[in-house]
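Chain residues, written in single-letter form:
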Amino acid sequence: DSLLVLRMSLRHNVKVKRAIGHFWSTSRRGKGDYMPKSDYVRWNMKAARALLPTVPREEMLEAVERDWVVDSKGSSRGISEGNFHASLFDLADNWLEALSVDCMV
């Protein structure tokens, strides 16, 4: 499928990885370079409020908690940089109108 090939090439594009890396660099990472749950929740709540301003806070928090379980892969250390990258890429992929490097960055 050509869309799948495009998504995979965007996921590994240097500019896209650099843009996602900017968000990663703003987190307070703990031992082993993992983002703690508190930062993950804070960051994702900000994104959710920006994207879905009419959704009640409690509903957003429940969704972020569910996403945490998936994105952290059950790790008690937190979310790894690779998993954060995949999570943010998927978020952008779901919200963008077009699949292109320019839209992603």
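Thresholds applied
- Residues numbered from 1 in each chain as written.
- Predicted model: local features only at pLDDT ≥ 70, side-chain atom pairs only at ≥ 80, totals over all residues.
- Heavy atoms only, no water.
- 1 Å grid on protein atoms, 1.4 Å probe; cavity = no way out; pocket = protein on both sides within 12 Å on 5 of 7 lines; lining within 4 Å.
- Points joined across faces, edges and corners; volume = space filled by probe spheres on them.
- Helix = DSSP H or I, 4+ residues; strand = E, 2+ residues; numbered from the N terminus.
- Nonpolar A, V, L, I, M, F, W, Y, C, P; charged D, E, K, R; others polar.
- Contact = heavy atoms within 4.5 Å.
- Expected span 1.5 Å × (residues − 1).
- Salt bridge = Lys/Arg side-chain N within 4 Å of Asp/Glu carboxyl O.
- Buried < 20%, exposed > 50% of the residue type's maximum accessible area, 1.4 Å probe, protein only.
- Patch = residues over 30% accessible without salt bridge, like charges linked within 9 Å, V, L, I, M, F, W, Y side chains within 5 Å.
- Areas by Shrake-Rupley, 256 points an atom, 1.4 Å probe, with all protein chains shown as cover.
- Core = buried A, V, L, I, M, F, W, Y, C linked by side-chain atoms within 4.5 Å.

Draft legend 1. Spotlight on empty space enclosed by the protein. Per the counting criterion, the structure on display carries one cavity of 30 Å³ or more. As a volume, the largest cavity reaches approximately 30 Å³. Along the walls of the largest cavity sit Trp43, Asn44, Phe84, Ser87, Leu88 and Leu91, which together make up its complete lining. Mapped onto the lining of the largest cavity, the elements with two or more residues apiece are helix H3 (37–51) and helix H5 (81–95).

Draft legend 2. Geometry of the layout of surface pockets. Here the largest pocket is characterised by a volume of approximately 380 Å³. Contributing to the lining of the largest pocket are 18 residues, with Asn44, Ala63, Asp67, Leu91 and Trp95 lying nearest its centre. The element contributing the most residues to the lining of the largest pocket is helix H4 (residues 57–71), with six residues. Residues that form the lining of the largest pocket fall into these classes: 11 nonpolar, three polar and four charged.

Draft legend 3. Just the side chain of Ser72, in detail. Looking at the element boundaries, Ser72 is found in the loop between H4 and H5. Among all residues touching Ser72, those that are not within four sequence positions of it are Gly78, Ile79 and Asn83.

Draft legend 4. Quick peek at H4. With 15 residues, H4 should reach 21 Å at 1.5 Å per residue; the first-to-last C-alpha distance of 20 Å fits that figure. Elements in contact with the buried residues of H4: H3 and H5. Phi turns positive, to about 60 degrees, at Lys73, one or two residues after H4.

Draft legend 5. Focus on the pattern of salt bridges. All chains considered together, the criterion is met by three salt bridges. Among the ionic pairs, Glu65 bridges to Lys37, the shortest N-O distance being 2.8 Å. Of this pair, Glu65 sits in helix H4 while Lys37 is found in helix H3, placing the two residues 28 residues apart along the sequence. Judged by its relative accessible area of 34%, Lys37 is partly exposed. The closest approach of N and O atoms between Arg42 and Asp39, which form a salt bridge, is 3.0 Å. In this pair, Arg42 and Asp39 both sit in helix H3, three residues apart, roughly one turn of the helix. On the basis of relative accessible area, Arg42 is assigned to the partly exposed category, the value being 33%.

Draft legend 6. Structural detail: a nonpolar patch on the surface. Together, Leu51, Leu52 and Trp95 make up a nonpolar patch on the protein surface, roughly 260 Å² of accessible area in all. Its place among the elements puts Trp95 in helix H5.

Draft legend 7. Expanded view of the nonpolar core. Ile20, Met35, Tyr40, Ile79 and Phe84 are the most contacted members of the largest nonpolar core, which totals 18 residues. Mapped onto this core, the elements with two or more residues apiece are helix H2 (14–25), H3, H4 and H5. Here this core gets six residues from one element, more than from any other, and that element is H3. Ignoring any residue separated from it by four or fewer positions in sequence, one finds Ile20 in contact with Phe84, His85, Leu88 and Phe89.

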